[in-house]
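Topology and contacts: notes
Letter by letter, the chains look like this.
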Amino acid sequence: MLRPLRLASRRLVSNTEAKLTRAGPLKALRACRYSSTSPPTGSHSRLPLLAFAAGSILSGSIGYYLANRSSDSALDELAQLTLHPASTDSGLNERYGTPADFREAIEELKRSFPDEDTVTTDSDDLEVHGNSENDYHPGSLPSVVVFPRSTEDVVKIVKISRKYRMPVIPYSGATSLEGHYRAPASGSICVDMSHMDKILEIHEADSDLVCQPGARWMDINAMLKQKGIPLFFPLDPAPGATIGGMVSTGCSGTNAVRYGTAKAEWFLNLTVVLPNGEVIKTRRRSRKSSAGFDTTKLFVGAEGTLGIITEVTIRLAPLLPTNVAVCHFPDVKKATEAVSEIMNQGVGIQCVELVDDDFMRSTNLFGMSQRKWPEKDSLFFKFQGPTPTALKETARIVRAVSERHGGFGFTLAASEKEANDLWADRKNALYSGLALVEGCKGWSTDVCVPVSQDIAQSGIVSTIVGHVGDGNFHALLLFKTDEELAIIRDLVHRMVERAIDMDGTCTGEHGVGIGKREYLYDELGAGTVELMKTIKRTLDPLNLFNPGKLYPSKPETEPHLVASTPRASESTR
């Protein structure tokens, strides 16, 4: 709409200039005068009016020229940033406002949100929002933290950020492990979504609900249980994770073997504020749709770089009876072979988790378990079925298959309390793992291939937990000194490279952030990464939304080639 108006304005000025040229100044000025019901009676009476008209045209033309020069310059810059990579390592814009611009932005935020608890520059608040106890990536503080309560609030924040070219960092449950909410060195606005945590609508008959992005998945399930609604949201990452963060990182959890990940159909639609301040809803609430390509998926795993999510419609699943069992194995190989056969039986498996012998030892040391476990590689199963009979049949089949692969000590919970106690041993993985080395810290990483050999050769004490049903393994690497931390950084690098070499992934569910972005060219290929950057430049040419995350710098060496043709063994089938 702006372009036709601009063109019309330019035609008007051009026509005026043409009149001045052809008819001379006085005649042209007469043509531009406002009409009057009392025409002048003499030539002298025309002079003040002519002078006023001349001055008006001149000042208006100069003002128009300067305004349009500035406007055109800004539009030209946006077009350039949209269509062409910036001259930076990542190809994305890194030119932001000045410190003075940012101070003005903060003042405008305070005027726009006068409530005392909405905008803060308190040093303690900035410290909390720029660091994390969950990872060991460098901390970096935002300039200001804002707590919106509605989509309209987020739009205001985005428009101010755009006006002053001040980056925006979405902040949600703060359970990130890859530095997703670290501020850029230039300064930024941290948008803390914790006050947008409401459940807006529940549609029990349709098995879905609408919530704000700060709602936590555990709170949603607790609320459904309290209301007696026999449904639940099955994605189960860290206990404090929020729906907005779960969308943005493409998370999953222990239930992924049965219900899939965030990139399945669990997020039906999103309300998103785009970098230009526009609000979109990605689709309707219907369970399925063939209307265009899936714009919801565009924001799943985008890590807040394409838009800020303000509402989500999530799909719910029937809450079925479950039971828990544990079985021990001579080694990891036997355990994984058992899982492969069990999954092919078609029985009701909701979760199957592989843990190593060090994990079982740490569980015993931690002292919270109700029993002492054999310190062997083990599988934790969660069975699911509509009736007690179905659960018993699943347990019988799983036990038989496990024993064929050397499994022993099969333990099946005899009550709901015992089932909860057994599963708590698995869910306490982080805290029990830290019990292996007194006074240590832990680096948690994930890839999608077995990693035990790399860790054993490094000499680093660790535990491994695997969502073995989908090949996603987590390693908790323990250290006490800076020297050990350096070894771990190198170890994680080797583990990721090995995973990619085996046609795996650098991250199964933690996301990319700043910790894993350097691996994307190798994993996805240059064409895919450049396509991602093209989408980013199109939606966010100024690179204001969560800069420095997800999109890697171009590698100094050629990345591994991603196969585009069938392997020889496949082509002969």
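Residues numbered from 1 in each chain as written. Predicted model: local features only at pLDDT ≥ 70, side-chain atom pairs only at ≥ 80, totals over all residues. Heavy atoms only, no water.

The chain has the name D-lactate dehydrogenase (cytochrome) in an unreviewed UniProt entry, where Cristinia sonorae is given as its organism. Of the comments in the UniProt record for the chain, the one headed Cofactor (unreviewed entry) reads "FAD". Its UniProt record, at the heading Sequence similarities (unreviewed entry), says of the chain: "Belongs to the FAD-binding oxidoreductase/transferase type 4 family." (UniProt positions renumbered as here; feature names shortened; annotations may be inferred.)

Summing up its helical and strand segments, the chain has 20 helices and 18 strands in all. Classification of the 573 residues of the chain by burial places 47% in the buried group. Contacts spanning at least 24 positions in sequence make up 72% of the contacts within the chain whose residues lie at least 6 apart. When the accessible surface of the chain is summed, it comes to about 28600 Å², and 54% of that surface belongs to carbon and sulfur atoms. (Helix = DSSP H or I, 4+ residues; strand = E, 2+ residues; numbered from the N terminus. Buried < 20%, exposed > 50% of the residue type's maximum accessible area, 1.4 Å probe, protein only. Contact = heavy atoms within 4.5 Å. Areas by Shrake-Rupley, 256 points an atom, 1.4 Å probe, with all protein chains shown as cover.)

For the rest of this paragraph, the subject is the environment of Ile202. Within the secondary structure layout, Ile202 lies in strand 5 (residues 199-203). Judged by its relative accessible area of 31%, Ile202 falls in the partly exposed class. Taking the C-alpha atoms as reference points, Ile202 and Ile229, separated by 27 residues in sequence, lie 9.9 Å from one another.

Before going further, it helps to spend a moment on the pattern of salt bridges. In total, this model carries 19 salt bridges according to the counting rule given. In this structure, Asp208 engages Arg285 in a salt bridge whose closest nitrogen and oxygen atoms are separated by 3.0 Å. Linking Asp208 in strand 6 (residues 208-211) with Arg285 in the loop between strand 9 (279-281) and helix 10 (295-299), this pair joins segments that are 77 residues apart in sequence. A relative accessible area of 2% places Asp208 in the buried class. Of the charged contacts in the structure, one is a salt bridge between Asp421 and Lys417, with a shortest N-O distance of 2.8 Å. Placement of both Asp421 and Lys417 in helix 14 (residues 416-427) is noted, with a separation of four residues, approximately one turn of the helix. (Salt bridge = Lys/Arg side-chain N within 4 Å of Asp/Glu carboxyl O.)

Moving on, we get to the layout of surface pockets. Here the second largest pocket defines a volume of roughly 680 Å³. Around the second largest pocket, the lining comprises 31 residues; the ones closest to its centre are Lys263, Val300, Gly301, Leu524 and Met532. In terms of residues, the lining of the second largest pocket owes the most to one element, helix 19 (residues 526-539), which gives four residues. Taken together, the residues of the lining of the second largest pocket break down into 14 nonpolar, 11 polar and six charged. (1 Å grid on protein atoms, 1.4 Å probe; cavity = no way out; pocket = protein on both sides within 12 Å on 5 of 7 lines; lining within 4 Å. Points joined across faces, edges and corners; volume = space filled by probe spheres on them. Nonpolar A, V, L, I, M, F, W, Y, C, P; charged D, E, K, R; others polar.)

Let us look at the packing of aromatic side chains. How two aromatic rings sit relative to each other is set out by the distance from centre to centre and by the angle between their planes. As enumerated under the stated definition, the model contains nine aromatic pairs in all. Ring plane angle 65 degrees and centroid distance 6.1 Å describe the contact between Trp373 and Phe380, whose orientation is recorded as edge-to-face. Overall, Phe380 belongs to the buried group, its relative accessible area being 0%. Taking the centre distance of 5.8 Å and the plane angle of 25 degrees together, the rings of Phe381 and Phe383 count as stacked. Here the two residues Phe381 and Phe383 agree in accessibility, since each one is buried. (Phe/Tyr/Trp six-rings, centres within 6.5 Å; stacked < 30°, edge-to-face > 60°.)

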